[in-house]
Amino acid sequence: MRTAVYPGSFDPVTFGHLDIIKRASKLADRIVIAIAAHSGKKPLFTVPERIEILNATLEETELPAPCEVVVEGFDTLLIDFMKKHKAQMVIRGVRQYSDFEYEAQMAALNAKLSDRDIETVFLAANPEYQAIASRFIKQVAQLGGDVSPFVPPPVIAALQGRL
Ligand code: PNS
(Lines give C-alpha, C1' and ligand atoms only; values in the text may rest on other atoms or scores of the structure.)
Protein backbone atom coordinates (compact mmCIF):
# COMPACT_ATOMS: atom_id res chain seq x y z
CA MET A 1 0.00 0.00 0.00
CA ARG A 2 1.65 3.25 -1.13
CA THR A 3 0.28 6.10 0.94
CA ALA A 4 1.07 9.68 -0.05
CA VAL A 5 0.36 12.80 1.96
CA TYR A 6 -0.37 15.98 0.02
CA PRO A 7 0.00 18.76 2.60
CA GLY A 8 -0.83 22.43 2.20
CA SER A 9 -2.97 25.34 3.25
CA PHE A 10 -5.59 24.84 0.50
CA ASP A 11 -7.05 28.25 1.40
CA PRO A 12 -8.85 27.69 -0.92
CA VAL A 13 -8.25 24.66 -3.18
CA THR A 14 -7.60 25.63 -6.82
CA PHE A 15 -7.60 23.85 -10.19
CA GLY A 16 -3.79 23.73 -9.78
CA HIS A 17 -4.15 21.64 -6.58
CA LEU A 18 -6.74 19.42 -8.28
CA ASP A 19 -4.40 18.77 -11.17
CA ILE A 20 -1.69 17.66 -8.70
CA ILE A 21 -4.18 15.36 -6.87
CA LYS A 22 -5.22 13.74 -10.17
CA ARG A 23 -1.63 13.16 -11.23
CA ALA A 24 -0.62 11.89 -7.78
CA SER A 25 -3.42 9.31 -8.00
CA LYS A 26 -1.23 7.53 -10.56
CA LEU A 27 1.63 7.29 -8.04
CA ALA A 28 -0.11 6.15 -4.85
CA ASP A 29 -2.87 3.78 -3.70
CA ARG A 30 -4.06 6.25 -1.09
CA ILE A 31 -3.67 10.03 -0.85
CA VAL A 32 -4.29 11.87 2.38
CA ILE A 33 -4.84 15.54 1.67
CA ALA A 34 -3.51 17.19 4.80
CA ILE A 35 -4.82 20.67 5.57
CA ALA A 36 -2.40 22.45 7.83
CA ALA A 37 -3.57 24.49 10.78
CA HIS A 38 0.04 25.77 11.08
CA SER A 39 1.41 26.98 7.78
CA GLY A 40 2.60 30.41 8.86
CA LYS A 41 -0.25 32.12 7.00
CA LYS A 42 -3.42 33.84 8.16
CA PRO A 43 -6.21 31.82 6.51
CA LEU A 44 -9.54 33.05 5.12
CA PHE A 45 -11.27 29.71 5.79
CA THR A 46 -11.08 27.58 8.95
CA VAL A 47 -9.67 24.06 8.69
CA PRO A 48 -13.19 22.44 8.94
CA GLU A 49 -14.41 24.81 6.19
CA ARG A 50 -11.46 23.90 3.96
CA ILE A 51 -12.11 20.19 4.57
CA GLU A 52 -15.77 20.65 3.59
CA ILE A 53 -14.87 22.59 0.43
CA LEU A 54 -12.29 19.98 -0.60
CA ASN A 55 -14.66 17.07 0.01
CA ALA A 56 -17.39 18.79 -2.06
CA THR A 57 -14.83 19.41 -4.82
CA LEU A 58 -13.57 15.81 -4.80
CA GLU A 59 -17.16 14.53 -5.12
CA GLU A 60 -17.29 16.16 -8.57
CA THR A 61 -13.73 15.16 -9.59
CA GLU A 62 -12.87 12.11 -11.64
CA LEU A 63 -9.43 10.62 -10.98
CA PRO A 64 -7.43 9.05 -13.82
CA ALA A 65 -6.35 6.07 -11.65
CA PRO A 66 -7.95 4.01 -8.86
CA CYS A 67 -6.88 5.70 -5.66
CA GLU A 68 -8.51 6.36 -2.31
CA VAL A 69 -8.45 10.06 -1.44
CA VAL A 70 -9.23 11.34 2.04
CA VAL A 71 -9.07 14.85 3.49
CA GLU A 72 -7.93 15.60 7.04
CA GLY A 73 -6.80 18.61 9.02
CA PHE A 74 -3.61 18.47 11.08
CA ASP A 75 -2.00 20.65 13.71
CA THR A 76 1.19 18.67 14.29
CA LEU A 77 4.49 18.37 12.47
CA LEU A 78 3.98 16.95 8.99
CA ILE A 79 6.32 14.04 9.73
CA ASP A 80 4.19 13.02 12.76
CA PHE A 81 1.04 13.16 10.64
CA MET A 82 2.80 10.97 8.06
CA LYS A 83 3.81 8.46 10.70
CA LYS A 84 0.21 8.22 11.93
CA HIS A 85 -0.88 7.37 8.37
CA LYS A 86 2.14 5.12 7.61
CA ALA A 87 2.79 7.37 4.61
CA GLN A 88 6.06 7.12 2.73
CA MET A 89 5.64 9.99 0.28
CA VAL A 90 5.00 13.74 0.47
CA ILE A 91 3.53 15.26 -2.68
CA ARG A 92 4.19 18.92 -3.50
CA GLY A 93 3.38 20.89 -6.62
CA VAL A 94 6.02 23.30 -7.90
CA ARG A 95 4.85 26.16 -10.10
CA GLN A 96 8.11 27.84 -10.96
CA TYR A 97 11.80 27.75 -10.19
CA SER A 98 11.48 30.32 -7.41
CA ASP A 99 9.15 27.94 -5.52
CA PHE A 100 11.83 25.30 -5.57
CA GLU A 101 14.19 26.85 -3.01
CA TYR A 102 11.51 26.87 -0.30
CA GLU A 103 10.28 23.42 -1.32
CA ALA A 104 13.77 21.86 -1.31
CA GLN A 105 14.44 23.36 2.14
CA MET A 106 11.18 21.96 3.50
CA ALA A 107 11.87 18.51 1.99
CA ALA A 108 15.36 18.43 3.50
CA LEU A 109 14.05 19.56 6.90
CA ASN A 110 11.33 16.89 6.90
CA ALA A 111 13.82 14.19 5.88
CA LYS A 112 16.13 15.25 8.74
CA LEU A 113 13.31 15.42 11.31
CA SER A 114 11.83 12.05 10.38
CA ASP A 115 12.99 8.82 11.97
CA ARG A 116 11.56 6.95 8.97
CA ASP A 117 12.41 6.90 5.29
CA ILE A 118 10.23 9.46 3.54
CA GLU A 119 10.47 10.87 0.04
CA THR A 120 9.18 14.22 -1.19
CA VAL A 121 7.92 13.97 -4.75
CA PHE A 122 7.71 17.27 -6.65
CA LEU A 123 5.21 17.49 -9.47
CA ALA A 124 5.78 20.33 -11.91
CA ALA A 125 2.61 22.37 -12.29
CA ASN A 126 0.87 22.03 -15.59
CA PRO A 127 1.64 25.28 -17.53
CA GLU A 128 -2.12 25.88 -17.74
CA TYR A 129 -2.23 26.30 -13.95
CA GLN A 130 1.14 27.94 -13.34
CA ALA A 131 -0.31 31.37 -12.58
CA ILE A 132 -2.85 30.14 -10.05
CA ALA A 133 -2.06 30.74 -6.38
CA SER A 134 -4.63 30.72 -3.57
CA ARG A 135 -3.47 34.13 -2.28
CA PHE A 136 -4.16 35.75 -5.69
CA ILE A 137 -7.54 34.04 -5.97
CA LYS A 138 -8.64 35.60 -2.67
CA GLN A 139 -7.49 39.03 -3.81
CA VAL A 140 -9.20 38.75 -7.21
CA ALA A 141 -12.44 37.58 -5.53
CA GLN A 142 -12.24 40.32 -2.90
CA LEU A 143 -11.96 42.96 -5.65
CA GLY A 144 -14.90 41.56 -7.61
CA GLY A 145 -12.98 39.69 -10.33
CA ASP A 146 -14.11 36.44 -11.93
CA VAL A 147 -12.31 33.48 -10.37
CA SER A 148 -14.29 30.76 -12.16
CA PRO A 149 -11.36 29.88 -14.51
CA PHE A 150 -9.18 29.12 -11.49
CA VAL A 151 -11.26 27.40 -8.81
CA PRO A 152 -14.01 24.75 -8.68
CA PRO A 153 -17.70 25.66 -8.00
CA PRO A 154 -17.67 24.82 -4.24
CA VAL A 155 -14.91 27.42 -3.79
CA ILE A 156 -16.85 30.07 -5.69
CA ALA A 157 -19.87 29.44 -3.46
CA ALA A 158 -17.69 29.61 -0.32
CA LEU A 159 -15.99 32.83 -1.47
CA GLN A 160 -19.36 34.42 -2.25
CA GLY A 161 -20.58 33.52 1.23
CA ARG A 162 -17.45 34.91 2.90
CA LEU A 163 -16.57 38.12 1.01
O1 PNS B 1 0.53 25.28 0.93
P2 PNS B 1 1.61 25.75 1.86
O3 PNS B 1 1.09 26.83 2.76
O4 PNS B 1 2.86 26.15 1.12
O5 PNS B 1 2.00 24.48 2.77
C6 PNS B 1 3.00 24.56 3.76
C7 PNS B 1 2.92 23.30 4.67
C8 PNS B 1 1.55 23.15 5.26
C9 PNS B 1 3.23 22.06 3.84
C10 PNS B 1 3.99 23.44 5.80
O11 PNS B 1 3.83 24.68 6.43
C12 PNS B 1 3.86 22.32 6.85
O13 PNS B 1 4.24 21.20 6.59
N14 PNS B 1 3.32 22.66 8.05
C15 PNS B 1 3.13 21.71 9.12
C16 PNS B 1 4.13 21.96 10.27
C17 PNS B 1 5.48 21.38 9.93
O18 PNS B 1 5.67 20.18 9.83
N19 PNS B 1 6.49 22.28 9.76
C20 PNS B 1 7.85 21.84 9.43
C21 PNS B 1 8.10 21.76 7.93
S22 PNS B 1 8.06 23.38 7.18
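Residues numbered from 1 in each chain as written. Predicted model: local features only at pLDDT ≥ 70, side-chain atom pairs only at ≥ 80, totals over all residues. Heavy atoms only, no water.

With respect to the pattern of salt bridges
- Summed over the entire model, instances satisfying the criterion amount to ten salt bridges.
- Taking the shortest distance from any N to any O, the salt bridge between Lys84 and Glu72 comes out at 3.5 Å. Of this pair, Lys84 sits in helix α3 (residues 78–84) while Glu72 sits in strand β3 (residues 68–74), and the two are twelve residues apart along the sequence.
- For Lys84, a relative accessible area of 57% corresponds to the exposed category.
- The partner of Arg95 in a salt bridge is Asp99, and the shortest N-O contact between them spans 3.6 Å.
- What makes Arg95 partly exposed here is its relative accessible area of 26%.
- Under the relative-accessibility criterion, Asp99 is labelled buried at 15%. (Salt bridge = Lys/Arg side-chain N within 4 Å of Asp/Glu carboxyl O. Helix = DSSP H or I, 4+ residues; strand = E, 2+ residues; numbered from the N terminus. Buried < 20%, exposed > 50% of the residue type's maximum accessible area, 1.4 Å probe, protein only.)

What about the environment of Arg116?
- With respect to the element layout, Arg116 can be found in the loop between α4 (97–113) and β5 (119–124).
- Sequence spacing of Arg116 and Lys83 is 33 residues, and the spatial spacing of their C-alpha atoms is 8.1 Å.
- In this structure, Arg116 is in contact with Met82, Lys83, Lys86 and Ala87, ignoring residues within four places of it in sequence. (Contact = heavy atoms within 4.5 Å.)

Here's the deal with the pairing of strand β1 (residues 3–8)
- Extensive coverage of β1 is indicated by the burial of six of its six residues.
- Side chains Thr3, Val5 and Pro7 project from β1 onto one buried face, and the interleaved Ala4, Tyr6 and Gly8 project onto a second face that is buried too.
- Summarising the sheet, β1 and strand β2 (residues 30–36) pair through six bridges and their orientation is parallel. Paired with Gly8 across the bridge in β2 is Ile35.
- Traced from β1 through helix α1 (residues 15–24) to β2, the parallel crossover comes out right-handed.
- Of the pairings in the sheet, the one linking β1 to strand β4 (residues 89–94) comprises two bridges and is parallel in character. Residue Ala4 lies in a different strand from β4, and its bridge partner there is Met89. (Pairing = 2+ DSSP bridges. Right-handed = clockwise from strand over helix to strand, strands pointing away.)

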